[in-house]
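Structural features, examined
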Amino acid sequence: MSIISKDIQKAIALLTNEELVAIPTETVYGLAGNIFSEKAIKSIFETKKRPFFNPLIVHISSVDILKNIVSEVPKKAQILADKFWPGSMTLVLKKDKSIPDIITGGKDTVAVRVPNHAVTLELLSKLPFPLAAPSANPFNNISPTKPEHVERYFKNDIKMVLDGGSCKNGIESTIIGFENEEPIIYRLGALAVEDIEAVVGKVLVKNKKEENPDAPGMLAKHYSPQTFTVLTTNILDEISKHQHKKIGVLAFNTSYKNEGISTEIILSKISNLQEAASKLYDALHELDHLNLDIIIVEKLPENGLGNSINDRLKRAAFHQ
Ligand code: TXA
Ligand code: MG
């Protein structure tokens, strides 16, 4: 029997009983539990096989609740929260003492956001506690953007995926931390840097682990298909290096019409980066289930969401 259901009351009952429910957001599906239940939070780490040092994002129903989660709100953080929440932006701020250490990996900061999805906003508003929710995929795997992706990963581990359809934005939130009250981007994501800079001026991007010990989850290899994956600016050149192999291609806006290709997916025929982001993980899930020898992925234009998508693709195609 399927674990996918639209029954919000059932989700409330499970979460209140310290169990996990996968929840829809506009970015990716999250694996959610009560932030104050040690049992639920341990279960999140165990289910994902995620190391305990990698902290979780706290999801709240509105900006008004931020004051219960954090102890200080820099001016620019408040401006960003008022402007972009509900939305695909996570703020990392000094934590309130009520936030358990297991949520923050022992750090004195906590990551928090208001997701922009009607179903999950309704759920959060009916619960007396916030939800911790990492992306609902096993550690390092491709993130889920459809309820079916989560079901395939965790049907033996959790009782319910709350069905909210396909995720509209399709890649994870942009994470912003603060140093001396100034915003720093810790993870590129579904809110473009340009949109953030339009509100608070120039921001530094420290999107790599080497650059930023404060962003513990930024692994070189991440979001990865099981199939060998290569990222390139020249699809045809790459195809010519892999003759007699079963090749899948993930192209940006055009078909390569090459007989060496076994399956091809085009992210956006009209070159729309928002559309490309929304289809990205679903396309990778699909290609990864076709028993291909190799997935060849085209690098996207380096502006706006193109930078966020390329960040994910680099990690998906990382080889030691
Ligand atoms: O769009 C999203 O952000 C999704 C949806 C479900 O909300 N969630 C998500 O969570 O992507 P997760 O756990 O897959 O990624 C959270 C990232 C990790 O890289 C983690 O290291 C970082 O947030 N993070 C969490 N707390 C932090 C903190 N206090 N300081 C720095 N980074 C933190
Ligand atoms: Mg994740």
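Reference entry: report on the structure contained in this document. Everything numeric here is computed off the predicted structure, so don't read it as measured data.

**Considering the overall build of the protein**
- Summing up its helical and strand segments, the protein has 11 helices and 15 strands in all.
- Computed over the C-alpha atoms, the radius of gyration of the protein is 19 Å, within 12% of the 20 Å expected from 2.2 N^0.38 for a compact globule of 320 residues.
- Projected onto its principal axes, the C-alpha positions of the protein cover 60 × 50 × 35 Å.
- Counting every position in the protein, which comprises 320 residues, the buried fraction comes to 57%.

**Remarks on the site of ligand 1**
- In the vicinity of ligand 1 there are 25 residues, among which Thr-27, Asn-54, His-59, Ser-173 and Asp-214 approach most closely.
- One nitrogen or oxygen atom from the side chain of Arg-50 is found 2.8 Å from an oxygen atom belonging to ligand 1.
- Within the side chain of Asn-54, an N or O atom sits 2.6 Å from an oxygen atom of ligand 1.
- Within the complex, the protein chains bury 97% of what would otherwise be the 680 Å² of accessible surface of ligand 1.
- Elements that contribute at least two residues to the shell around ligand 1 include exactly β4 (57–59) and β6 (109–113).
- Ranked by the residues each element gives to the shell around ligand 1, the list is headed by β6, at 4 residues.
- When its residues are assigned to classes, the shell around ligand 1 shows 11 nonpolar, 8 polar and 6 charged.

**Quick word on the pairing of strand β3 (residues 30–34)**
- Within β3, 5 of the 5 residues are buried, which leaves the element mostly enclosed by the surrounding structure.
- The pairing of strand β2 (residues 21–23) with β3 spans 3 bridges and is classified as antiparallel. Bridging from a neighbouring strand, Ile-23 pairs with Gly-30 of β3.
- Between β2 and β3, which pair antiparallel in sequence order, lie 6 residues.
- Pairing geometry for β3 and strand β7 (residues 131–132), over 2 bridges, is antiparallel. The residue bridging Asn-34 from the neighbouring strand is Leu-131, located in β7.

**With respect to the nonpolar core**
- If you look at the biggest cluster of nonpolar residues, it comprises 45 residues, and the most contacted ones within it are Leu-91 and Ile-158.
- Residue assignment for this core shows that the elements contributing at least two residues are α2 (38–48), α3 (66–69), α4 (75–84), β5 (89–94), β6, α7 (147–154), β9 (174–179) and α8 (193–200).
- Non-local contacts of Leu-91, meaning those with residues more than four positions away in its chain, are made with Ala-77, Ala-81, Trp-85, Val-110, Ala-111, Val-112, Ile-176 and Phe-178.

**Section: the pattern of salt bridges**
- Here the structure, examined in full by the defined rule, presents 17 salt bridges.
- A salt bridge links Lys-206 to Glu-179; the nearest nitrogen and oxygen atoms lie 3.4 Å apart. Here Lys-206 is found in the loop between β11 (204–205) and β12 (229–232), whereas its partner Glu-179 is found in strand β9, with 27 residues between them in sequence.
- Glu-179 sits in the partly exposed class, given a relative accessible area of 27%.
- Residue Glu-197 is joined to Lys-202 by a salt bridge in which the shortest nitrogen-to-oxygen separation is 3.6 Å.
- Relative accessible area serves as the criterion here: at 21%, Glu-197 is assigned to the partly exposed category.
- With relative accessibility at 73%, the residue Lys-202 sits in the exposed group.
- Through salt bridges with shared partners, one network takes in Glu-172, Asp-311, Arg-312 and Arg-315.

What counts, and at which threshold
- Throughout this description, residue numbers start from 1 for each chain and increase along the sequence as written.
- For naming, the first written chain is A and the first written ligand is 1, with later ones following in the order written.
- Reporting of local features is limited, given that this is a predicted model, to residues whose pLDDT is at least 70; pairs of side-chain atoms are given and counted only at 80 or more, and all residues count toward the totals for whole chains, interfaces and linings.
- Side-chain numbers come from the whole structure's heavy atoms, not from hydrogens or water.
- Numbering of helices and strands runs from the N terminus, with a helix taken as a DSSP run of H or I at least four residues long and a strand as a DSSP run of E at least two residues long.
- Just to be clear, the radius of gyration here is over C-alpha atoms, and the globule rule we use is 2.2 Å times residues to the power 0.38.
- When a residue's accessible area, from a 1.4 Å probe over protein chains only, is under 20% of the maximum for its type it is buried; when over 50% it is exposed; and in between it is partly exposed.
- A molecule or strand has a residue near it when one of that residue's heavy atoms lies within 4 Å.
- Between N or O atoms, a polar contact is any pair within 3.5 Å; within protein, one atom must be a potential hydrogen donor and the other a potential acceptor, and residues adjacent in sequence are included only when both atoms are from side chains.
- With residues, only the protein chains shown are counted as cover, and all accessible areas are computed by Shrake-Rupley using a 1.4 Å probe.
- Just so you know the grouping, Ala, Val, Leu, Ile, Met, Phe, Trp, Tyr, Cys and Pro go in nonpolar, Asp, Glu, Lys and Arg go in charged, and all remaining residues, Gly too, go in polar.
- Note on pairing: two strands pair once DSSP finds at least 2 bridges between them.
- Only buried residues count toward a nonpolar core. Its members are Ala, Val, Leu, Ile, Met, Phe, Trp, Tyr and Cys residues joined through side-chain atoms within 4.5 Å.
- Only heavy atoms enter the contact rule, under which two residues are in contact if any of them lie within 4.5 Å.
- The working definition used for a salt bridge is a side-chain nitrogen of Lys or Arg within 4 Å of a carboxyl oxygen of Asp or Glu.

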